[in-house]
Amino acid sequence: MKPILHTENLSIAFGGLKAVDAISMSATPHEITTVIGPNGAGKTTLFNLISGALKPGSGKVYLDGKDVTRFGPAQLQHAGLARSFQITNLFFEMTVRENLRLASQILEPISHAVRPLRRTGRAARKVDELIERFDFHDKVHEQVGYLSHGEQRRLEIAMCLACEPKLLMLDEPTQGMSHADTDETEELIKSLTQNVSILLIEHDIGIVMSVSDHVIVMHQGQKIADGTPAEVRANPAVQAAYFGHG
Amino acid sequence: MRDRLDISMRANHVFFAVLMGIGLICVALAVAMNDTFYLRLGTEALILGGLALSVDILLGFGGLLSLGQALYFGIGAYVSALVLREVPSFWLAMAAATGVTLLAGIIGGLIANRVRGVYFALITFGMAQVVAKVVYNTRELGASDGLIGVPVLEIPLGVITVSAGDPLAFFLLTLSVLTILYAAVAYLFTTPFGRVVIALKANEKRVPFLGYNTWGPRMVCYVVAALVAGITGALYPMLRGFVSPELMFFASSGNAVIMVVLGGVGTLIGALYGAVLLTFLKSVVGSYTEHHLIAIGVIFIFAILFMPKGIIGVAKPSLERRLIRFDEQTDAARIKATGERA
Ligand SMILES: Nc1ncnc2c1ncn2[C@@H]1O[C@H](COP(=O)(O)OP(=O)(O)OP(=O)(O)O)[C@@H](O)[C@H]1O
Ligand SMILES: [Mg+2]
């Protein structure tokens, strides 16, 4: 199947450090592709390159077959890409609903920009849908800064879904979550593939093995393995670089 | 219940209504006592309040501290004075001032919006300084003396005609202009566009990942602020009969920032409270001592220490809670009513 995303020799260096070093990878539509690797392997930097947060030193990024290498974050969002952040990145002084509303109003035409905020219509429906799906009923008017860590992580995912992306990139969505929340998030991520393709960074090997269709292993900026969860687990280089640490 | 941002804006409206109420009572008293001095002082406070409102649009919503907002106020005032000395037409003067500040705002925005934070403050300061000095040295613009001899205007407002020389009428006219500006700006910040501007202030880095351009909304915010300053600036020569380069000096811009901080940043209406307070303080304290700036400086320091969120900030949280409770009650009542009907 034609990949939803693929990169060719994507690279960036910070000073002398090759944080991402000639990474070629692809993600298949409606599958979960997971990037793993030890701390500092370059996973988040790879996400930053793909999502337009950083410009690559060399290499290419294709979204749905289209060259998007030079696209900025907003352009990429319009091209169908949404990403979450490893460090929760929300509008902490706004309420849950205001955050979701902000993310959802991108669905409405620009001509609505200076009309009154509508209580009906596509954005409003999306907000209600997300509140329902992510179970924020009791927290709609809570300031995001006062939510628990787990709730904030959940909202981080919900924000990404508001724009109905084709490709969803999640950077350690379960980081710091309780066991119960982690299990719930795992189920949620699996259920999402009906509508979106997912590129995931995940540290929890249990989750990686259970949700991934495809795993990419990074180490010191380079891709050292690429395959199904079982293949990757059996790979000696991966065991040395990654599982060896755990 | 509504969003907090809506509640917050509604609270601002309540404070607006309170200020209106107080203002109109004072006006009635002034008229009863045959006063013109305080009426004119009140008019001036409102006009300066427009400049402060412009500062709050940038500071309280855009998250941008302008130290040169008097530039646009001055441009509005000068354009208005220039037009009025040729053609004594209120509407022509307002239209010209609006047009020129729109243009100036776009140019200034293109320059200032390239930077953030301290650099933004310094660039806005620099731009105002440069233009003020140019005006100061341009004989055609009256140089250091400014432009005098702006005629007393007759202002046709559809069915009635008011005279700018009539303190009461001109006060009410100024109040109407400020009301329209306040309402327009308040409306703008409740729209989806306004939400993006507010989001930019809160977390600029996240906004592009939601698909929004960051430059555009900021630019619009800047130009709107310039327009508000320019439009109120255009009223200034109608009140005072002259304009001078001091209008664009740092003292004017700085005073506007003080007004906003005194009144409450990010409340829109706080700018008007701050302007009224500062203008009257200056006048009252100034009538007792030459050193009124010292007194005002001390008051400002204490205000910041004890009311960091300004006058409005003191009362706003409890008002917001009331509004929320009111909403919940009406919601509950509605559900009950529709439930019973069903
Ligand atoms: N903006 C930057 N400037 C300089 N160095 C950076 C920058 N961003 C990342 N790095 C470095 O690049 C390397 C890869 O970092 P990255 O955050 O991509 O790792 P990661 O795989 O996401 O790690 P973790 O599992 O801890 O999140 C690290 O050595 C990091 O210090
Ligand atoms: Mg990381």
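Please read these numbers as outputs of a predicted model, since none were measured by experiment. (Residues numbered from 1 in each chain as written. Chains lettered and ligands numbered in written order. Predicted model: local features only at pLDDT ≥ 70, side-chain atom pairs only at ≥ 80, totals over all residues. Heavy atoms only, no water.)

1. Here's the deal with the overall build of chain A
Counted only if it meets this: Numbering goes from the N terminus for both helices and strands, where a helix is a DSSP run of H or I of at least four residues and a strand is a run of E of at least two. Only C-alpha atoms enter the radius of gyration, while the globule expectation follows 2.2 Å times N to the 0.38, with N the number of residues. Whether a residue is buried, partly exposed or exposed follows from its accessible area with a 1.4 Å probe, protein chains only, as a fraction of its type maximum: under 20%, in between, or over 50%, in that order. As used throughout, the charge tally considers Lys and Arg to be positive and Asp and Glu to be negative, leaving His and the chain termini uncounted. A charge is said to be at NZ when it belongs to Lys, at CZ for Arg, at CG for Asp and at CD for Glu.
Within chain A one finds 9 helices and 10 strands. Against the compact-globule benchmark of 18 Å for 246 residues, chain A has a radius of gyration of 18 Å, which places it among compact chains. The principal-axis extents of the C-alpha atoms in chain A amount to approximately 55 × 40 × 35 Å. Buried positions account for 57% of the 246 residues belonging to chain A. If you average the places of the 24 positive and of the 29 negative side-chain charges in chain A, the two averages end up 9 Å apart.

2. Observations regarding the domain arrangement of chain A
Residue and element names in this part refer to chain A. To keep it simple, the criterion reads: An automatic or database domain assignment is the source of the domain bounds shown. Note on contacts: a residue pair is in contact if any heavy atoms of the two residues lie within 4.5 Å. Computed with a 1.4 Å rolling probe, the buried area is the accessible surface lost when two parts are put together, summed over both parts.
What the domain assignment reports for chain A is domain 1 (1-80 + 166-246) and domain 2 (93-164). When each unit is reduced to the centre of its C-alpha atoms, the spacing between domain 1 and domain 2 is 26 Å. Residue-level contacts link 16 residues of domain 1 with 12 residues of domain 2. Summed over both sides, the interface between domain 1 and domain 2 buries roughly 1,200 Å², with carbon and sulfur atoms accounting for 64% of that surface.

3. Overview of the packing of aromatic side chains
How we decide: Geometry of aromatic contacts follows a simple scheme: Phe, Tyr and Trp rings, the Trp one being its six-membered ring, pair when their centres are within 6.5 Å, and the pair is stacked under 30 degrees between planes, edge-to-face over 60, tilted otherwise. In this analysis the charged atom, NZ for Lys or CZ for Arg, is taken to sit over a ring once it is within 6 Å of the ring centre and within 35 degrees of the ring normal.
Counted under the stated rule, the structure contains 13 aromatic pairs over all chains. Judged by centre distance (4.5 Å) and plane angle (15°), the rings of Phe16(B) and Tyr182(B) are stacked. In this pair, Phe16(B) is assigned in helix α1 (residues 4-32) and Tyr182(B) in helix α6 (residues 167-188), connecting sequence segments 166 residues apart. Accessibility classification places Phe16(B) together with Tyr182(B) in one group, the buried group. An angle of 15° between the planes, with centres 5.9 Å apart, marks the rings of Phe302(B) and Phe306(B) as stacked. On the criterion of helical spacing, the pair formed by Phe302(B) and Phe306(B) is a turn pair, its members being 4 residues apart in helix α11 (residues 292-306). Members of the aromatic cluster, each reached through a chain of ring pairs, are Phe37(B), Tyr38(B) and Phe280(B). Across the ring face of Phe85(A), the terminal group of Arg83(A) is positioned such that the distance to the ring centre comes to 4.3 Å. Here Arg83(A) stacks its cationic end above the ring of Phe209(B), 5.8 Å away from the centre of that ring.

4. Some thoughts on the sheet that holds strand β4 (residues 58-63) of chain A
Residue and element names in this part refer to chain A. Operational definition: Pairing between strands is defined by DSSP: at least two bridges between the two strands are required. Axis definition: a line fitted to C-alpha atoms, limited for helices to the stretch in contact. Angles are taken between N-to-C directions and run from 0 to 180 degrees.
Pairing is antiparallel across the open sheet formed by 4 strands, whose spatial order is β2-β1-β4-β5. The open sheet has two free edges, formed respectively by β2 (17-27) and β5 (66-67), since each of these has just one partner strand. Across the sheet, helix α1 (residues 43-50) lies against β1 (5-14), β2 and β4, angled at about 115° from β1, the strand it touches most.

5. Some details on the pairing of strand β3 (residues 32-36) of chain A
All names here are of chain A. Counted residue by residue, β3 has 5 buried out of 5 residues, so it is predominantly covered. Where β3 meets strand β8 (residues 197-201), 4 bridges bridge the pair, whose relative direction is parallel. Of the residues in β8, the one forming a bridge with Val-35 is Ile-201. Both β3 and strand β9 (residues 214-219) contribute to a ladder of 4 bridges, which runs parallel. Pairing of Thr-33 across the sheet is with His-214, part of β9.

6. Looking at unusual backbone geometry
Residues and elements named next belong to chain A. Positive phi, close to 60°, is recorded for His-30, a residue that is not glycine. Mapped onto the secondary structure, His-30 falls in the loop between β2 and β3. For Glu-172, which is not a glycine, the phi torsion comes out positive at approximately 45°. With respect to the helices, strands and loops of the structure, Glu-172 is situated in the loop between β7 (167-171) and α6 (179-192).

7. Comments concerning the pattern of salt bridges
Close approach of charged atoms allows side chains with opposite charge to pair. The criterion, for reference: What makes a salt bridge here is a side-chain nitrogen of Lys or Arg within 4 Å of a carboxyl oxygen of Asp or Glu, nothing more.
Across all of its chains, the model carries 21 salt bridges over all chains by this definition. A salt bridge links Arg206(B) to Glu156(A), with the nearest nitrogen and oxygen atoms 3.7 Å apart. On the criterion of chain membership, the pair formed by Arg206(B) in the loop between α7 (192-203) and α8 (215-240) and Glu156(A) in helix α5 (residues 149-161) is interchain, its members lying in two chains. Using a relative accessible area of 1% as the deciding quantity, one classes Arg206(B) as buried. Put simply, Arg97(A), Arg119(A), Asp3(B), Asp6(B) and Arg195(B) are held in one network by salt bridges that share partners.

8. Points about the sheet that holds β9(A)
Residues and elements named next belong to chain A. On the basis of which strands lie adjacent, the open sheet formed by 6 strands has the order β6-β7-β8-β3-β9-β10 and mixed pairing. Since the sheet does not close on itself, it has two edges, and those belong to β6 (81-83) and β10 (222-227), each with one partner. For this sheet, the mean angle separating the axes of adjacent strands, direction not counted, is 15°. Here α1 sits on the sheet and contacts β3, β6, β7, β8 and β9; the angle it forms with β8, its principal contact strand, is near 145°.

9. Details of helix α3 (residues 70-86) of chain B
Convention followed: Any helix carries an expected span of 1.5 Å times its number of residues minus one.
If you check α3(B), its first and last C-alpha atoms are 24 Å apart, about what 17 residues at 1.5 Å a residue would give, namely 24 Å. The element α3(B) is largely enclosed, with a buried count of 14 among its 17 residues.

10. Focus: the coordination of the magnesium ion (ligand 2)
Residue and element names in this part refer to chain A. In plain terms, the rule: Sodium, potassium and calcium take a 3.2 Å donor cutoff, other metals 2.8 Å, and in both cases only N, O and S atoms count; water is not among them, so sites may look incomplete.
Taken together, the protein donors to the magnesium ion (ligand 2) comprise Thr-44 (OG1) and Gln-86 (OE1), at separations of 1.9 to 2.1 Å. Residue Thr-44 is found in helix α1, and its partner Gln-86 is found in the loop between β6 and α3 (96-104); the two are separated by 42 residues along the sequence. A relative accessible area of 26% means that Thr-44 is categorised as partly exposed.

11. What about the environment of Ile131(A)?
Residue and element names in this part refer to chain A. On the secondary structure map, Ile-131 appears in helix α4 (residues 122-133). Relative accessible area serves as the criterion here: at 5%, Ile-131 is assigned to the buried category. Along the backbone, Ile-131 and Leu-199 are 68 residues apart, and their C-alpha atoms lie at a distance of 23 Å. Look past the residues within four positions of Ile-131 in its chain and what remains in contact with it is Arg-97, Leu-100, Phe-136, His-137 and Val-140.

12. Examining the interface of chain B and chain A
The line we're drawing: A 3.5 Å cut-off defines polar contacts: any pair of N or O atoms within that distance qualifies, except that in protein one atom must be a possible hydrogen donor and the other a possible acceptor, and neighbouring residues in sequence count only when both atoms are side-chain atoms. Residues are grouped as follows: Ala, Val, Leu, Ile, Met, Phe, Trp, Tyr, Cys and Pro are nonpolar; Asp, Glu, Lys and Arg are charged; all remaining types, including Gly, are polar.
Residue-level contacts link 26 residues of chain B with 32 residues of chain A. Summed over both partners, the interface of chain B with chain A buries about 2,600 Å², with 61% contributed by carbon and sulfur atoms. Looking at the side of chain B facing chain A, the largest losses of area belong to Arg206(B), Phe209(B) and Leu210(B), adding up to 28% of the total buried there. Inspection of the chain B/chain A interface yields 3 salt bridges. In this structure, Asp3(B) engages Arg97(A) in a salt bridge whose closest nitrogen and oxygen atoms are separated by 2.9 Å. Joining chain B to chain A, the criterion identifies 15 residue pairs in polar contact (both at pLDDT 80 or more). Among the elements of the structure, α1, α6 and α7 of chain B are those that each provide at least two residues to the side of chain B that touches chain A. With 8 residues, the top contributor of residues to the side of chain B that touches chain A is α7(B). By residue class, the composition of the side of chain B that touches chain A is 15 nonpolar, 5 polar and 6 charged.

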